[in-house]
Amino acid sequence: MPQTPTLTFLQENLLQVRERMQTAAKSAGRAPGDILLCAASKTQSIETVQLAAGLDIDLFGENRVQEFCEKHDAGAYGDKPLHFIGHLQTNKVKQVVGRAVMIESVGSAKLLRQIAAEAEKQGLCQRILIEINIGAEESKSGIAPAELLPLLAEAGAMPSVMVRGLMAIPPIAEAPGASRRYFAQLRALFEKASALHAENLKMEYLSMGMSHDFEDAIKEGANIVRIGTALFGARPPMQTLL
């Protein structure tokens, strides 16, 4: 059974991740400070997240609504921003809207409409990213690339949401560098979307890359990378969460 990470363990892992981010950014002629590190804290305990919140981490991301709410309400993230990065069912939207600084995983028109309706009900503007199913995988959520511009046109008429960019999870790479073509495709979509003009479309964030491929993502333009295992180590089983 995985042990609860110690502060020293987290610090050492974070140093390695930051060094790898810096190297990748410099190789692409980018400023390392322009790339945000999202700690993907799925299955990590409140105690572990509290330890990590005191380190040089830019924001946290949660995949499951129950964990998201429990840790948020316990103040586990300190003053660090919290994003929702997992599949979000429409019947759980009201638990996430208003709590999340950003909902990164908006992968359907139905979900977009539900978020907009809930945000309007709460009297706020919810920041979101549109999730693209860049590898056309049946097992993953997200819209097809061809659906992006129509969905952005719909979102542009919704004052209760603010689209801030795109997110994707490419197919698992079978060889080093295999994800890079998907990251390049997402960047091209991001650039196309950035040419659109609407008051609530501000394409700023490209969230792509995880522990196994974040360096390639950075080289292709990612400015949010979602790091879990490389930071926290092997995930603990769900029953040890709290």
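Residues numbered from 1 in each chain as written. Predicted model: local features only at pLDDT ≥ 70, side-chain atom pairs only at ≥ 80, totals over all residues. Heavy atoms only, no water.

**Observations regarding the pattern of salt bridges**
Per the stated rule, a full pass over the model turns up 13 salt bridges. The partner of E67 in a salt bridge is R64, with the nearest N and O atoms 3.5 Å apart. The salt bridge involving E220 is made with R187; its shortest N-O contact spans 2.2 Å. In this pair, E220 sits in the loop between α8 (214-219) and β8 (224-227) while R187 sits in helix α7 (residues 180-194), placing the two residues 33 residues apart along the sequence. (Salt bridge = Lys/Arg side-chain N within 4 Å of Asp/Glu carboxyl O. Helix = DSSP H or I, 4+ residues; strand = E, 2+ residues; numbered from the N terminus.)

**What about the state of the cysteines?**
Applying the stated criterion to the full structure yields zero disulfides. No disulfide involves C38; its nearest neighbouring cysteine sulfur is the one of C69, lying 17 Å away. (Disulfide = S-S within 2.5 Å.)

**Notes on the layout of surface pockets**
Put simply, the largest pocket is a space of about 420 Å³. As for the largest pocket, its lining consists of 19 residues, and the residues nearest its centre are K42, N63, I169, M210 and R235. Grouping the amino acids of the lining of the largest pocket by side-chain chemistry returns five nonpolar, nine polar and five charged. (1 Å grid on protein atoms, 1.4 Å probe; cavity = no way out; pocket = protein on both sides within 12 Å on 5 of 7 lines; lining within 4 Å. Points joined across faces, edges and corners; volume = space filled by probe spheres on them. Nonpolar A, V, L, I, M, F, W, Y, C, P; charged D, E, K, R; others polar.)

**Describing helix α5 (residues 109-122)**
The end-to-end C-alpha distance of α5 is 20 Å, a good match for the 20 Å that 14 residues give at a rise of 1.5 Å each. By the burial criterion, the buried members of α5 are L111, L112, I115, A116, E118 and A119. Summarising the contacts, the buried residues of α5 are in contact with α4 (93-96), β4 (102-106), β5 (126-132), α6 (148-155) and β6 (161-168). (Expected span 1.5 Å × (residues − 1). Buried < 20%, exposed > 50% of the residue type's maximum accessible area, 1.4 Å probe, protein only. Contact = heavy atoms within 4.5 Å.)

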